[in-house]
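Secondary and tertiary structure notes
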Amino acid sequence: MRSASAKMKQISERLMHLASCYKTNVLEHRLDRAKSASVFALKGLRFMSKTEGSPAGWMAVKKRFANLTALTDGRLHRSQFHECIGMREDSKKFALELFDALARRTDIRKESLNENELRAFWKELSNENFDSRLQTFFAMIDKDADGRIKQEEIEEMITLSATTNKLLKIDKEQAKEYALFIMELLDTDNSGYIMVEDLKILLLQSPRQMVGGDVSEDLSKVLTEMLNHNKLKRAKKRNPVSRLYQSNKYFFSDNWRRIWIFTLWLIIVFGLFTWRFIQYRNKAVYDIMGYCVCTAKGAGETLKFNMALILLPVCRNTITWLRKTKLGAVIPFDDNINLHKVIAVGITMGVALHAVSHLACDFPRLIHVSKDEYEPMKPFFGEDKPENYWLLLKGIEAVSGIVMVVLMAIAYIFATPWFRRSRITLPWPFSRLIGFNTFWYSHHLFIIVYALLIVHGIKLYLTKEWYSKTTWMYLAVPVALYSCERLTRALRSSINPVKIRKIVIYPGNVLTLHTSLPRGFRYKSGQYMFIKCSNVSPFEWHPFSITSAPAEDYLSVHIQTVGDWSRKLKKVLSKVCHPPIRDPSGLRMADFMHGTAGAYVPPFPVPEVQIDGPYGAPAQDYMKYEVVLLVGSGIGATPMISIIKDIVSKTKAEDIEASYKTIRLETTKKNKIKTFKTQKAYFYWITREQNSFDSFKEVMNEVVEIDAQNVIEIHNHCTSVYERGDARSAVIAMLQSLNHAVTGVDVVAGTHVKSHFGRPNWSEVYKTIAVKHRGSRVGVFYCGVPAPVDELRQLASDFTREGTTKFDFHKEDF
C-alpha cells in the first residue's frame, strides 16, 4: 500500500514538474530556437500517407472525383471524401472529421462539394506550410474554433486516432483516462480547458526519432560521412566490367557453400543420366526404341538417386548433430529445407522425362515393330508381341509407375505455398483441401510411393539380372536412416513425457504453452521442437521455436492460431482455462503449478502433449558474434525472444564483466573454455496487431529493468499505426511521448519499451550498426514472413562490401 502511494506521489510530482516546464519561457525559447524541428515536422502532419493521394496529386484526385460523381449532380458527398483524396477505408472516420474541419475553415456548410470546393480542400491538404497544417489539425480538435480545447474534445480525438490506427486496446474508457491525464498536466488552474498553444507545445515535443531510436548529432555526422564515402567508392566503380566482377565476386563470397553443393548435385545427376544414356545407346534395344529408351533409362537413374537423396535433408536429428561438427563450416545445413525443395524439382523433371519417354515413345514404337524386329525383345516382354497399348499399361511396371506419379503429384501440389499456407480460397467442400493438415497427410503418401518404387525397380523393363536392379541399393541407407530417425522420435517422445504447467490464451490469435522440462532435454536458444497433442490429432507433429531460455526450468512455445491444427489446439486448451470473465481484456489462462491451481479445478482433463527435439536452427549460432541483429516479424519473434532471455539470464551473473568475457558455456575433454562473445544485441520486432505485444510483455519489461549495461536494444514496430509524421497518428505520438515520460509505459505496447510506428528503415538500421560497431562481424538473424528477406540479405551484402563492418545474414526455415 505504501509503495503504491509513493508511486502515485512520484507520478504527481513529475506531472507538476512537467507542467511547470512546459509553461516556462525556457521551453518557448527551445521551440523558437528549434525551428529545424518544425522543418522536420513538415514531413509530419501529413494528412495522407506517401502512397495515398500522392504523387499523382490533384490530377488523380480530379479523376476520382469524376468517377465518384458520374451518376450525381457533380457534387461529392462527405461520405466519399476519403475515397476521393486517396485514403483507405480504415481512415474513413478520420477523413470525415478532416472534411468537417476543412469545411469550417473554408466556411462551407453543405455535406457535399463541387470540384472548385474540392480544389480548395486539396490546397489545404497539400500545403507544406507547417502552421497551415497545424491549424487544420487543431480545427479537427477545436470544433467550435474558440481556441479552447476541452477534455471531451481531446477524448474524442484520441478515440478517433486509436480507431484509425487499429489500436483496439485504447477504448473509450482508456481514451477518457488519457484525456484526463493531459488535462491534469496542462490545465494547472482547473479552468476546464486548455489553449491550442498548450497542445501545440506537446505536439512539437515528440522526440525526433531515427532508425527507431534517438540519434545523436555526432552519430548523424558519422553516418553522413560514411554515406558520402560510399558514394565516392561506388563512383569509382562505374566501369561495367568492374561492376560485374565485383557483383559476381561478392555473390560467390556470400553463397559459395550453396554453390558447391548445388554444383556437386548437378554433376552427379548429369553424370548418372549420361552414363545410363550411353549404356542403352550401345544395346540392341536402341535399334527398336531409339533415343526414347536412352532418355527414359537416364532419367530413371537420376530418379533413383534423387529419391534416395531427398530423405537426407529431413533427417533432422542427423542434421542437428552434423551442424555441430566441422562439416558445418562447408555445408549449409541450415538450407536443408531448400535443398529438399530443389531435389523435389529434380524429381519432377526426372519423372516427366521418364514417363513421357516410356508412355509416349517407347510403347508406341514397340507396338508397331515387325515380328522379326521384335525377336530381341522376347526375354523382356514375352513371346507374343504386344498388339495394343493396353497390354503394356496393365503390367506391374506400368501400373506401379503411374500410381507413383499420381501420388507424387498430389504431394507436390499440396506442398506448394498456395495450398500449404492457405493463400488461395476454394469453395466448399474443396476448402478442406488447403492448410497444413492437408500438406502433412498428403506428404506421408511417400510411404506408399517408396514401396511402389521398390516394386517398380524389381519389375524393371529390359533388365533381368538382380545386380542390375539397383533401386534398392540407392534406397537402402537413406530409408534405413530415415526410419531410425522416426523411430527415435517415437521412442524419445514416449519415454520423456511432459506435463502442461501453464496455458495462456491471449486476445487475438496467439497462445502460450508451458510444459515441464524432460530429463536430459538440452537445448540452445534459437532452436525449435515438434509438438503433438493427441486430443487434436494422434499423428500430426508441428514445429515451433522454443521461447524459453536454457536457464529456465520449463519449456515454452508461442503458437499463432492461424491453421486448422492450431485452431483445434486452442479450442481444446480453452476448455481447461479460467473463464474469460476473470480478465476484462479477454485473456484466458490456467496455471497448474502456482497458486491458481489450488483453487481452480478445470472442468475437463488437462490435454496431454508430446514433444520431440530439440533441432538445430540458424539462430542458435548467435553466440558466435559480438554483435547480433535479431529481426522477428509477427510470430517470427519467438526464437529471438529465447535469445533475449538467454542474454538477460547471463546479465544476472554476479560478475558482469566475467559473464560476458569468460562464461564457461561448455567444457570439452581438453578442458578448453568457450567464450560468450555477444556484447550487443539489437532486436527489431515488427507486428501489425497491438495485441501481439501482450505475448512478450514480461520479457520486454525484464530487459528494461535488468539490462543496466544496455546490452539489449529493443525496437517494437506496430505497422497498423501510421508512420510518425502522419496526422492520423499525431495524437497517438503525442500521447505516447507524454505517457512514457511520466509513467514509463508505452501506450501502444503496454511495456516499458517505447514502440515505433510503421516499418523500420532497414537501410538506416544497417548504417547505424555499421558506424557503432566498425570492424565487427554482425550476425543478422531473421524469422517471419518472406517479404523483408531479400532486402535484409541484400543490405547485409552491400554493407559488408562497402565498409569494415561485416554482416552475416541467416534466415529461419522450417
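Source: prediction; values computed, not measured.

So, about the pairing of strand 16 (residues 777-783). Within strand 16, six of the seven residues are buried, which leaves it mostly tucked inside the rest of the structure. Direction of pairing for strand 12 (residues 627-633) relative to strand 16: parallel, over a ladder of six bridges. By the bridge assignment, Val 628 is partnered in strand 16 with Gly 779. As paired elements, strand 16 and strand 17 (residues 806-811) share six bridges and run parallel to each other. Its bridge partner lying in strand 17, Val 780 is registered against Phe 809. In this fold, the crossover linking strand 16 to strand 17 by way of helix 33 (residues 789-802) has right-handed handedness.

With that settled, consider helix 23 (residues 436-443). Burial runs high along helix 23: six of the eight residues are buried. Looking at helix 23, one finds that the buried residues are Phe 436, Asn 437, Thr 438, Phe 439, Trp 440 and Ser 442. The inward-facing, buried residues of helix 23 abut helix 21 (396-415), helix 22 (417-420), strand 8 (542-545) and helix 26 (564-574).

Another aspect to go through is the sheet that holds strand 5 (residues 500-505). Spatially, the four strands line up as an open sheet ordered 9-6-5-10, and their pairing is antiparallel. Strand pairing shows two members of the sheet lacking a second neighbour, strand 9 (554-560) and strand 10 (588-591), which therefore form its edges. For this sheet, the mean angle separating the axes of adjacent strands, direction not counted, is 15 degrees. Pairing analysis gives seven bridges linking strand 6 (residues 510-516) to strand 9, with the strands arranged antiparallel. Bridge pairing in strand 9 places Leu 513 opposite Val 557. Strand contacts of helix 26: strand 5, strand 6, strand 9 and strand 10, with the helix running at about 110 degrees to strand 5, the strand carrying the most contacts.

Moving on, we get to the confidence of the model for the protein chain. A low pLDDT score tells you not to read the predicted coordinates there in detail. Predicted confidence across the protein chain gives a mean pLDDT of 78, with 79% of residues reaching 70 or more. Averaged pLDDT values for the elements of the protein chain fall to 38 in helix 2 (residues 25-33) and rise to 92 in strand 12. In this model, residues 231-236 is a region of pLDDT below 50 whose contacts with residues beyond four sequence positions or in other chains number three contacts.

To continue, consider the packing of aromatic side chains. Using the criterion set out here, one finds 22 aromatic pairs in the structure. Cluster of aromatic residues (ring-pair linked, three or more members): Phe 81, Phe 99 and Phe 121. We note Lys 680 situated over the ring of Tyr 682; from NZ or CZ to the ring centre the distance is 5.4 Å.

For helix 6 (residues 92-105), which comprises 14 residues, the first-to-last C-alpha distance of 20 Å matches the rise-based estimate of 20 Å (1.5 Å per residue) to within 8%. Within helix 6, the full set of buried residues consists of Phe 94, Ala 95, Leu 96, Glu 97, Leu 98, Phe 99, Ala 101, Leu 102 and Ala 103. Asp 107, located one to two residues past helix 6, shows a positive phi value of around 60 degrees.

All right, on to a nonpolar patch on the surface then. On the surface, Phe 252, Trp 256, Trp 260, Leu 264, Ile 268, Leu 327 and Val 330 cluster together to form a nonpolar patch covering roughly 590 Å² of accessible area. Relative to the elements of secondary structure, Trp 256 occurs in helix 13 (residues 240-281). Trp 256 gets classed as partly exposed once you look at its relative accessible area, which sits at 35%.

Burial analysis of strand 5 places five of its six residues in the buried class, which makes it a mostly covered element. In terms of strand pairing, strand 5 meets strand 6 through five bridges, oriented antiparallel. The partner of Val 504 across the bridge, within strand 6, is Thr 512. Connecting strand 5 to the antiparallel partner strand 6 that follows it, the hairpin turn spans four residues, and Gly 508 within it adopts a positive phi of roughly 110 degrees. Sheet topology note: the strand 5/strand 10 ladder contains four bridges and is antiparallel. Pairing of Ile 505 across the sheet is with Arg 588, part of strand 10.

On to the pattern of salt bridges. The tally for this structure, following the rule as stated, stands at 20 salt bridges. Asp 107 serves as the salt-bridge partner of Arg 109, at 3.6 Å between the closest nitrogen and oxygen. A single burial state applies to Arg 109 and to Asp 107, both of which are exposed. Taking the shortest distance from any N to any O, the salt bridge between Glu 301 and Lys 304 comes out at 3.3 Å. In this pair, Glu 301 and Lys 304 are both assigned in helix 15 (residues 291-309), three residues apart and thus about one turn of the helix distant. On the basis of relative accessible area, Lys 304 is assigned to the buried category, the value being 9%. Ionic contacts of the salt-bridge type, sharing partners, join the residues Arg 323, Asp 334, Asp 621 and Lys 624 into one network.

Each value, and the rule that gives it
Residues numbered from 1 in each chain as written. Predicted model: local features only at pLDDT ≥ 70, side-chain atom pairs only at ≥ 80, totals over all residues. Heavy atoms only, no water. Buried < 20%, exposed > 50% of the residue type's maximum accessible area, 1.4 Å probe, protein only. Helix = DSSP H or I, 4+ residues; strand = E, 2+ residues; numbered from the N terminus. Pairing = 2+ DSSP bridges. Right-handed = clockwise from strand over helix to strand, strands pointing away. Contact = heavy atoms within 4.5 Å. Axes fitted to C-alpha atoms, helices over the stretch in contact; angles between N-to-C directions. pLDDT = per-residue confidence, 0-100. Phe/Tyr/Trp six-rings, centres within 6.5 Å; stacked < 30°, edge-to-face > 60°. Lys NZ or Arg CZ within 6 Å of the ring centre and 35° of its normal. Expected span 1.5 Å × (residues − 1). Patch = residues over 30% accessible without salt bridge, like charges linked within 9 Å, V, L, I, M, F, W, Y side chains within 5 Å. Areas by Shrake-Rupley, 256 points an atom, 1.4 Å probe, with all protein chains shown as cover. Salt bridge = Lys/Arg side-chain N within 4 Å of Asp/Glu carboxyl O.

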